[in-house]
Amino acid sequence: MDIKGKITGIKYKVFLSEDLQIVEIGKFNINKISSFCLLKNGKTSFAISKWVSPKRTRSYPYERVYNTLNTSKKVTVIPIIKDEGFDGDRDFLQWDTVSLMSLLDVFVIFAYYDKATKNPNYENKITDFQFNNKYVVSKIKEIEHYHSSALHWNLSELKNNLSDIVDKAKKGYAKIEKQTGVKLHNQAGIKNFKKKIGKDVDSFMEFSREKAKNAQAREFVTTQPKESLSSATKAKITITNYLGGQYFFTVDEIFVNKDTVYLIEDKHSKQSILPSKGDIKDGLLKMILYSNLCEVEVDAKKMKSKAVLKLTSAKLKGEVTEKSHGSDKANFIFANKLDGSRQVLISELFKEAEENGFEVKISDSR
(Lines give C-alpha, C1' and ligand atoms only; values in the text may rest on other atoms or scores of the structure.)
Protein backbone atom coordinates (compact mmCIF):
# COMPACT_ATOMS: atom_id res chain seq x y z
CA MET A 1 0.00 0.00 0.00
CA ASP A 2 1.39 3.38 -1.05
CA ILE A 3 0.36 6.49 0.87
CA LYS A 4 1.05 10.09 -0.09
CA GLY A 5 0.27 13.30 1.74
CA LYS A 6 1.19 16.97 1.99
CA ILE A 7 2.06 19.31 4.82
CA THR A 8 1.38 23.01 4.28
CA GLY A 9 2.11 24.10 7.84
CA ILE A 10 2.62 22.78 11.36
CA LYS A 11 0.17 23.39 14.20
CA TYR A 12 1.05 21.44 17.33
CA LYS A 13 1.23 21.96 21.09
CA VAL A 14 3.88 20.07 23.10
CA PHE A 15 3.11 18.76 26.62
CA LEU A 16 5.88 16.24 27.37
CA SER A 17 9.00 18.38 26.90
CA GLU A 18 11.66 18.32 29.62
CA ASP A 19 12.87 21.33 31.59
CA LEU A 20 15.90 22.84 29.87
CA GLN A 21 19.06 23.39 31.90
CA ILE A 22 20.26 27.00 31.57
CA VAL A 23 23.83 27.47 30.31
CA GLU A 24 25.51 30.88 29.94
CA ILE A 25 27.29 31.50 26.62
CA GLY A 26 30.62 32.11 28.39
CA LYS A 27 30.56 28.59 29.83
CA PHE A 28 29.10 26.86 26.79
CA ASN A 29 30.81 23.83 25.30
CA ILE A 30 28.77 21.70 22.92
CA ASN A 31 30.69 18.60 24.04
CA LYS A 32 29.92 19.09 27.74
CA ILE A 33 26.24 20.02 27.71
CA SER A 34 23.49 17.46 27.95
CA SER A 35 21.64 16.50 24.77
CA PHE A 36 19.52 19.66 25.08
CA CYS A 37 19.72 22.92 27.05
CA LEU A 38 18.73 26.59 27.12
CA LEU A 39 21.65 28.80 26.09
CA LYS A 40 21.58 32.38 27.39
CA ASN A 41 23.55 35.36 26.16
CA GLY A 42 22.32 38.41 28.07
CA LYS A 43 18.67 38.89 27.14
CA THR A 44 18.89 36.44 24.25
CA SER A 45 18.17 32.73 24.68
CA PHE A 46 18.17 29.69 22.41
CA ALA A 47 17.09 26.12 22.92
CA ILE A 48 20.01 23.91 21.83
CA SER A 49 19.87 20.22 21.02
CA LYS A 50 22.59 18.02 19.56
CA TRP A 51 22.73 14.84 17.54
CA VAL A 52 25.49 12.27 17.94
CA SER A 53 25.06 11.06 14.37
CA PRO A 54 23.47 12.42 11.20
CA LYS A 55 21.47 9.21 11.02
CA ARG A 56 18.06 9.86 12.57
CA THR A 57 17.58 6.27 13.81
CA ARG A 58 20.46 6.57 16.29
CA SER A 59 20.28 7.84 19.90
CA TYR A 60 16.79 9.36 19.71
CA PRO A 61 17.64 12.67 18.01
CA TYR A 62 13.94 13.34 17.54
CA GLU A 63 13.45 13.22 21.31
CA ARG A 64 16.20 15.81 21.75
CA VAL A 65 14.61 18.15 19.22
CA TYR A 66 11.13 17.52 20.66
CA ASN A 67 12.28 18.78 24.06
CA THR A 68 13.14 22.18 22.54
CA LEU A 69 9.96 22.76 20.53
CA ASN A 70 8.27 24.97 23.14
CA THR A 71 11.03 27.59 22.81
CA SER A 72 10.75 30.42 20.29
CA LYS A 73 14.26 30.05 18.85
CA LYS A 74 15.50 26.50 18.42
CA VAL A 75 18.92 25.32 17.25
CA THR A 76 20.14 21.79 16.68
CA VAL A 77 23.73 20.70 16.05
CA ILE A 78 24.19 17.79 13.64
CA PRO A 79 27.48 16.18 12.59
CA ILE A 80 27.62 16.26 8.81
CA ILE A 81 29.51 12.95 8.77
CA LYS A 82 30.13 10.35 11.46
CA ASP A 83 32.78 7.72 10.83
CA GLU A 84 33.00 5.18 13.66
CA GLY A 85 36.04 3.52 12.11
CA PHE A 86 36.61 0.79 9.56
CA ASP A 87 34.93 -1.81 11.80
CA GLY A 88 31.93 0.45 12.40
CA ASP A 89 29.40 2.51 10.47
CA ARG A 90 29.79 5.72 8.52
CA ASP A 91 26.74 7.95 8.19
CA PHE A 92 26.17 11.10 6.14
CA LEU A 93 23.76 14.00 6.50
CA GLN A 94 20.48 13.54 4.61
CA TRP A 95 18.43 16.26 2.90
CA ASP A 96 15.16 15.17 4.51
CA THR A 97 16.63 15.69 7.99
CA VAL A 98 17.34 19.29 7.05
CA SER A 99 13.92 19.70 5.48
CA LEU A 100 12.18 18.31 8.56
CA MET A 101 14.10 20.64 10.87
CA SER A 102 13.21 23.58 8.61
CA LEU A 103 9.56 22.58 8.74
CA LEU A 104 9.73 22.60 12.56
CA ASP A 105 11.47 26.03 12.45
CA VAL A 106 14.71 24.64 13.88
CA PHE A 107 18.03 26.25 12.89
CA VAL A 108 20.61 23.61 11.96
CA ILE A 109 24.32 23.98 12.63
CA PHE A 110 26.11 21.54 10.36
CA ALA A 111 29.10 20.64 12.52
CA TYR A 112 32.08 18.31 12.36
CA TYR A 113 34.09 16.13 14.70
CA ASP A 114 37.84 16.67 15.08
CA LYS A 115 38.58 14.69 18.26
CA ALA A 116 37.88 11.12 19.36
CA THR A 117 39.52 8.23 21.18
CA LYS A 118 40.17 4.61 20.27
CA ASN A 119 37.38 2.26 21.29
CA PRO A 120 39.07 -0.26 23.62
CA ASN A 121 36.72 -3.04 22.53
CA TYR A 122 37.50 -2.93 18.81
CA GLU A 123 40.62 -2.82 16.69
CA ASN A 124 39.33 -0.22 14.26
CA LYS A 125 36.57 1.76 15.97
CA ILE A 126 36.61 5.13 17.72
CA THR A 127 34.46 6.61 20.47
CA ASP A 128 34.07 9.78 22.58
CA PHE A 129 33.55 12.00 19.55
CA GLN A 130 33.94 15.74 20.07
CA PHE A 131 32.71 18.58 17.91
CA ASN A 132 34.91 21.53 17.11
CA ASN A 133 33.38 23.78 19.78
CA LYS A 134 34.88 27.01 18.45
CA TYR A 135 33.09 26.49 15.14
CA VAL A 136 29.76 25.68 16.81
CA VAL A 137 29.94 28.80 19.02
CA SER A 138 30.74 30.97 15.98
CA LYS A 139 27.63 29.66 14.24
CA ILE A 140 25.47 30.22 17.32
CA LYS A 141 26.59 33.85 17.38
CA GLU A 142 25.72 34.17 13.69
CA ILE A 143 22.23 32.80 14.37
CA GLU A 144 21.85 35.25 17.27
CA HIS A 145 22.02 38.12 14.78
CA TYR A 146 20.15 36.32 12.00
CA HIS A 147 16.67 37.74 11.50
CA SER A 148 15.23 35.50 8.78
CA SER A 149 13.59 32.12 9.31
CA ALA A 150 15.23 28.81 10.10
CA LEU A 151 14.34 27.73 6.58
CA HIS A 152 16.36 30.57 5.05
CA TRP A 153 19.30 29.87 7.37
CA ASN A 154 19.34 26.15 6.64
CA LEU A 155 19.13 26.61 2.87
CA SER A 156 21.81 29.31 2.97
CA GLU A 157 24.16 27.06 4.93
CA LEU A 158 23.58 24.24 2.45
CA LYS A 159 24.19 26.45 -0.56
CA ASN A 160 27.13 28.45 0.75
CA ASN A 161 28.95 26.45 3.42
CA LEU A 162 28.25 22.73 3.04
CA SER A 163 31.24 22.01 0.81
CA ASP A 164 33.56 23.84 3.23
CA ILE A 165 32.17 21.92 6.21
CA VAL A 166 32.75 18.61 4.40
CA ASP A 167 36.38 19.66 3.93
CA LYS A 168 36.64 20.47 7.65
CA ALA A 169 35.15 17.07 8.51
CA LYS A 170 37.61 15.37 6.16
CA LYS A 171 40.56 17.11 7.84
CA GLY A 172 39.09 16.32 11.27
CA TYR A 173 38.96 12.59 10.52
CA ALA A 174 42.48 12.63 9.08
CA LYS A 175 43.62 14.17 12.36
CA ILE A 176 41.67 11.59 14.41
CA GLU A 177 43.09 8.71 12.37
CA LYS A 178 46.64 9.95 12.90
CA GLN A 179 46.21 10.56 16.65
CA THR A 180 44.39 7.32 17.47
CA GLY A 181 46.05 4.96 15.02
CA VAL A 182 42.58 3.63 14.14
CA LYS A 183 41.85 2.82 10.51
CA LEU A 184 38.83 4.77 9.26
CA HIS A 185 36.79 4.35 6.10
CA ASN A 186 38.38 5.34 2.81
CA GLN A 187 38.16 9.10 2.29
CA ALA A 188 37.01 8.47 -1.26
CA GLY A 189 33.55 8.09 0.23
CA ILE A 190 33.71 11.62 1.63
CA LYS A 191 34.96 12.91 -1.72
CA ASN A 192 32.02 11.21 -3.42
CA PHE A 193 29.61 12.73 -0.88
CA LYS A 194 31.05 16.19 -1.53
CA LYS A 195 30.81 15.65 -5.28
CA LYS A 196 27.18 14.53 -5.06
CA ILE A 197 26.09 17.47 -2.91
CA GLY A 198 28.53 20.07 -4.19
CA LYS A 199 26.69 21.15 -7.32
CA ASP A 200 23.53 22.59 -5.76
CA VAL A 201 20.77 21.89 -3.26
CA ASP A 202 18.76 19.96 -5.87
CA SER A 203 21.66 17.52 -6.31
CA PHE A 204 21.85 17.02 -2.56
CA MET A 205 18.10 16.44 -2.40
CA GLU A 206 18.18 13.85 -5.16
CA PHE A 207 21.24 12.07 -3.73
CA SER A 208 19.61 11.86 -0.28
CA ARG A 209 16.24 10.78 -1.62
CA GLU A 210 17.70 7.81 -3.43
CA LYS A 211 19.39 6.69 -0.21
CA ALA A 212 16.18 7.30 1.79
CA LYS A 213 14.07 5.38 -0.71
CA ASN A 214 16.45 2.42 -0.45
CA ALA A 215 16.31 2.57 3.36
CA GLN A 216 12.51 2.78 3.21
CA ALA A 217 12.39 -0.29 0.98
CA ARG A 218 14.61 -2.22 3.42
CA GLU A 219 12.57 -1.17 6.45
CA PHE A 220 9.33 -2.06 4.69
CA VAL A 221 10.17 -5.78 4.85
CA THR A 222 11.68 -5.67 8.34
CA THR A 223 9.96 -5.86 11.71
CA GLN A 224 12.03 -4.02 14.30
CA PRO A 225 12.55 -5.64 17.74
CA LYS A 226 10.67 -2.78 19.42
CA GLU A 227 7.56 -3.26 17.29
CA SER A 228 4.71 -5.46 18.42
CA LEU A 229 2.22 -5.46 15.61
CA SER A 230 -1.38 -6.61 15.75
CA SER A 231 -1.11 -7.14 12.01
CA ALA A 232 1.73 -7.52 9.56
CA THR A 233 0.48 -4.56 7.55
CA LYS A 234 3.11 -1.94 6.87
CA ALA A 235 2.85 0.84 4.34
CA LYS A 236 5.19 3.28 2.66
CA ILE A 237 4.30 6.93 3.12
CA THR A 238 5.80 9.80 1.17
CA ILE A 239 5.19 13.25 2.60
CA THR A 240 5.74 16.39 0.54
CA ASN A 241 5.93 19.82 2.12
CA TYR A 242 5.93 23.39 0.89
CA LEU A 243 9.73 23.49 1.20
CA GLY A 244 10.17 20.98 -1.58
CA GLY A 245 11.26 18.32 0.89
CA GLN A 246 10.04 14.77 0.71
CA TYR A 247 10.04 12.35 3.62
CA PHE A 248 10.14 8.64 2.92
CA PHE A 249 8.76 6.86 5.98
CA THR A 250 7.34 3.46 6.73
CA VAL A 251 4.16 3.40 8.79
CA ASP A 252 4.27 0.52 11.29
CA GLU A 253 0.58 -0.32 10.84
CA ILE A 254 -2.28 1.00 8.78
CA PHE A 255 -6.00 0.44 9.21
CA VAL A 256 -8.60 1.56 6.67
CA ASN A 257 -12.15 2.23 7.79
CA LYS A 258 -14.43 3.51 5.02
CA ASP A 259 -12.88 6.81 3.85
CA THR A 260 -10.26 7.10 6.64
CA VAL A 261 -6.79 5.61 6.85
CA TYR A 262 -5.31 5.27 10.35
CA LEU A 263 -1.53 5.81 10.41
CA ILE A 264 -0.26 3.87 13.41
CA GLU A 265 3.18 4.39 14.96
CA ASP A 266 4.11 1.46 17.23
CA LYS A 267 6.37 1.62 20.27
CA HIS A 268 6.86 -1.59 22.21
CA SER A 269 8.72 -2.70 25.32
CA LYS A 270 9.50 -6.25 26.35
CA GLN A 271 11.20 -5.47 29.66
CA SER A 272 9.38 -2.42 31.00
CA ILE A 273 5.72 -1.75 31.75
CA LEU A 274 5.82 1.12 29.23
CA PRO A 275 8.12 2.05 26.34
CA SER A 276 10.86 4.51 27.27
CA LYS A 277 10.34 8.28 27.12
CA GLY A 278 12.80 8.37 24.25
CA ASP A 279 10.71 5.92 22.25
CA ILE A 280 7.50 7.78 23.07
CA LYS A 281 8.89 11.18 22.05
CA ASP A 282 10.34 9.67 18.90
CA GLY A 283 6.81 8.54 18.14
CA LEU A 284 5.41 11.97 18.98
CA LEU A 285 7.55 13.63 16.34
CA LYS A 286 5.84 11.32 13.84
CA MET A 287 2.51 12.43 15.32
CA ILE A 288 3.46 16.05 14.58
CA LEU A 289 3.83 15.08 10.93
CA TYR A 290 0.90 12.70 10.60
CA SER A 291 -1.57 14.96 12.45
CA ASN A 292 -0.77 17.82 10.05
CA LEU A 293 -1.26 15.88 6.83
CA CYS A 294 -3.63 17.03 4.11
CA GLU A 295 -4.47 15.86 0.59
CA VAL A 296 -3.87 12.26 1.60
CA GLU A 297 -4.01 9.57 -1.07
CA VAL A 298 -3.94 5.80 -0.56
CA ASP A 299 -3.01 3.98 -3.74
CA ALA A 300 -3.99 7.17 -5.64
CA LYS A 301 -7.41 7.33 -3.91
CA LYS A 302 -8.18 10.45 -1.84
CA MET A 303 -8.87 9.66 1.82
CA LYS A 304 -8.99 11.24 5.27
CA SER A 305 -6.24 10.30 7.71
CA LYS A 306 -5.91 9.85 11.46
CA ALA A 307 -2.63 9.60 13.37
CA VAL A 308 -2.35 6.98 16.12
CA LEU A 309 0.44 6.39 18.64
CA LYS A 310 0.28 2.82 19.93
CA LEU A 311 2.23 1.86 23.05
CA THR A 312 2.45 -1.81 23.96
CA SER A 313 4.21 -3.95 26.52
CA ALA A 314 4.33 -7.64 27.32
CA LYS A 315 3.84 -6.66 30.97
CA LEU A 316 0.71 -4.56 30.55
CA LYS A 317 -2.82 -5.72 31.32
CA GLY A 318 -5.81 -4.37 29.46
CA GLU A 319 -6.15 -1.31 27.27
CA VAL A 320 -6.74 2.42 27.65
CA THR A 321 -6.99 5.38 25.25
CA GLU A 322 -7.29 9.15 25.62
CA LYS A 323 -11.05 8.71 25.08
CA SER A 324 -11.51 6.16 27.88
CA HIS A 325 -13.76 7.12 30.79
CA GLY A 326 -12.09 8.28 33.99
CA SER A 327 -13.08 5.09 35.82
CA ASP A 328 -11.56 2.93 33.06
CA LYS A 329 -8.31 4.92 33.23
CA ALA A 330 -8.24 4.51 37.02
CA ASN A 331 -8.84 0.74 36.71
CA PHE A 332 -6.05 0.45 34.13
CA ILE A 333 -3.62 2.31 36.43
CA PHE A 334 -4.60 0.12 39.40
CA ALA A 335 -4.40 -3.16 37.44
CA ASN A 336 -0.89 -2.32 36.20
CA LYS A 337 0.33 -0.78 39.48
CA LEU A 338 1.60 2.29 37.63
CA ASP A 339 3.62 4.63 39.82
CA GLY A 340 3.14 8.40 40.05
CA SER A 341 5.65 9.33 37.34
CA ARG A 342 4.08 6.96 34.83
CA GLN A 343 0.61 8.24 35.71
CA VAL A 344 1.77 11.80 35.01
CA LEU A 345 3.39 10.72 31.73
CA ILE A 346 0.17 9.04 30.55
CA SER A 347 -1.95 12.02 31.62
CA GLU A 348 0.27 14.50 29.75
CA LEU A 349 0.40 12.20 26.72
CA PHE A 350 -3.40 12.06 26.60
CA LYS A 351 -3.57 15.88 26.85
CA GLU A 352 -1.15 16.17 23.94
CA ALA A 353 -3.24 13.77 21.87
CA GLU A 354 -6.51 15.57 22.59
CA GLU A 355 -5.00 19.00 21.94
CA ASN A 356 -3.45 17.98 18.62
CA GLY A 357 -6.08 15.63 17.24
CA PHE A 358 -4.36 12.25 17.25
CA GLU A 359 -5.12 9.06 19.16
CA VAL A 360 -3.14 7.17 21.79
CA LYS A 361 -3.70 3.49 22.51
CA ILE A 362 -1.87 1.83 25.44
CA SER A 363 -2.32 -1.92 25.72
CA ASP A 364 -0.83 -5.33 26.25
CA SER A 365 1.00 -6.84 23.29
CA ARG A 366 -0.96 -10.04 23.08
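Computed from a prediction, not measured in an experiment: that's the story for all the values here.

1. Observations concerning the sheet that holds strand 18 (residues 319-321)
And step 1. The mixed open sheet is built from five strands, whose spatial order is 13-14-17-19-18. For this open sheet the edge positions go to strand 13 (253-257) and strand 18, each flanked by a neighbour on one side alone. On average, adjacent strands in this sheet sit at an angle of 20° to one another, irrespective of strand direction.
And step 2. Inspection of the sheet shows strand 14 (residues 260-269) paired to strand 17 (residues 304-313) by 10 bridges, in the parallel sense. Note on strand 17: the bridge partner recorded for Asp-266 is Lys-310.

2. Section: the packing of aromatic side chains
And step 1. Applying the stated criterion across every chain, the model contains 10 aromatic pairs.
And step 2. Measuring from ring centre to ring centre gives 5.4 Å for Tyr-112 and Tyr-135, while their planes differ by 55°; the resulting arrangement is tilted. Separated by 23 residues along the polypeptide, Tyr-112 in the loop between strand 8 (106-111) and strand 9 (113-118) and Tyr-135 in helix 3 (residues 133-144) bring together distant segments of the chain. Here Tyr-112 and Tyr-135 have matching classes, each one buried.
And step 3. Among the aromatic residues, ring-to-ring pairing joins Phe-107, Tyr-146 and Trp-153 into one connected group.
And step 4. Across the ring face of Tyr-122, the terminal group of Lys-125 is positioned such that the distance to the ring centre comes to 4.3 Å.
And step 5. Over the ring of Phe-86 we find Lys-183, and its NZ or CZ is 4.1 Å from the ring centre.

3. Examining the packing of helix 2 (residues 95-103) against helix 4 (residues 150-160)
And step 1. At a minimum axis separation of 9 Å, helix 2 and helix 4 run at an interaxial angle of 155°. In terms of orientation, helix 2 lies roughly antiparallel with respect to helix 4. Crossing hand, helix 2 versus helix 4: right-handed. For the pair helix 2 and helix 4, the contacting residues are Trp-95, Val-98, Met-101 and Ser-102 in the first and Leu-151, Asn-154, Leu-155 and Leu-158 in the second.
And step 2. Class assignment of the residues belonging to the contact of helix 2 with helix 4 gives a composition of six nonpolar, two polar and no charged.

4. Here we look at helix 2
Residues lying three or four places apart along an α-helix face the same way, a consequence of the helix completing one turn every 3.6 residues.
And step 1. Burial analysis of helix 2 places nine of its nine residues in the buried class, which makes it a mostly covered element.
And step 2. Among the residues making up helix 2, those that are buried are Trp-95, Asp-96, Thr-97, Val-98, Ser-99, Leu-100, Met-101, Ser-102 and Leu-103.
And step 3. Residue Asp-105 follows helix 2 closely and has a positive phi angle near 65°.

5. Considering the pattern of salt bridges
And step 1. One pass over the full model with this rule turns up 17 salt bridges.
And step 2. Between Glu-18 and Lys-277 there is a salt bridge, with the nearest N and O atoms lying 3.2 Å from each other. Linking Glu-18 in the loop between strand 1 (2-7) and strand 2 (22-24) with Lys-277 in helix 8 (residues 277-290), this pair joins segments that are 259 residues apart in sequence.
And step 3. In this structure Glu-18 comes out as partly exposed when scored by relative accessible area, which is 27%.
And step 4. On the basis of relative accessibility, which here comes to 41%, the residue Lys-277 falls in the partly exposed class.
And step 5. One salt bridge connects Glu-265 with Lys-267, and the closest N-O pair in it is separated by 3.6 Å.

So, how was this worked out
- Residues numbered from 1 in each chain as written.
- Predicted model: local features only at pLDDT ≥ 70, side-chain atom pairs only at ≥ 80, totals over all residues.
- Heavy atoms only, no water.
- Pairing = 2+ DSSP bridges.
- Helix = DSSP H or I, 4+ residues; strand = E, 2+ residues; numbered from the N terminus.
- Axes fitted to C-alpha atoms, helices over the stretch in contact; angles between N-to-C directions.
- Phe/Tyr/Trp six-rings, centres within 6.5 Å; stacked < 30°, edge-to-face > 60°.
- Buried < 20%, exposed > 50% of the residue type's maximum accessible area, 1.4 Å probe, protein only.
- Lys NZ or Arg CZ within 6 Å of the ring centre and 35° of its normal.
- Parallel < 35°, antiparallel > 145°, perpendicular 65-115°, else oblique.
- Left-handed = near helix turned anticlockwise from the far one by under 90°.
- Contact = heavy atoms within 4.5 Å.
- Nonpolar A, V, L, I, M, F, W, Y, C, P; charged D, E, K, R; others polar.
- Salt bridge = Lys/Arg side-chain N within 4 Å of Asp/Glu carboxyl O.

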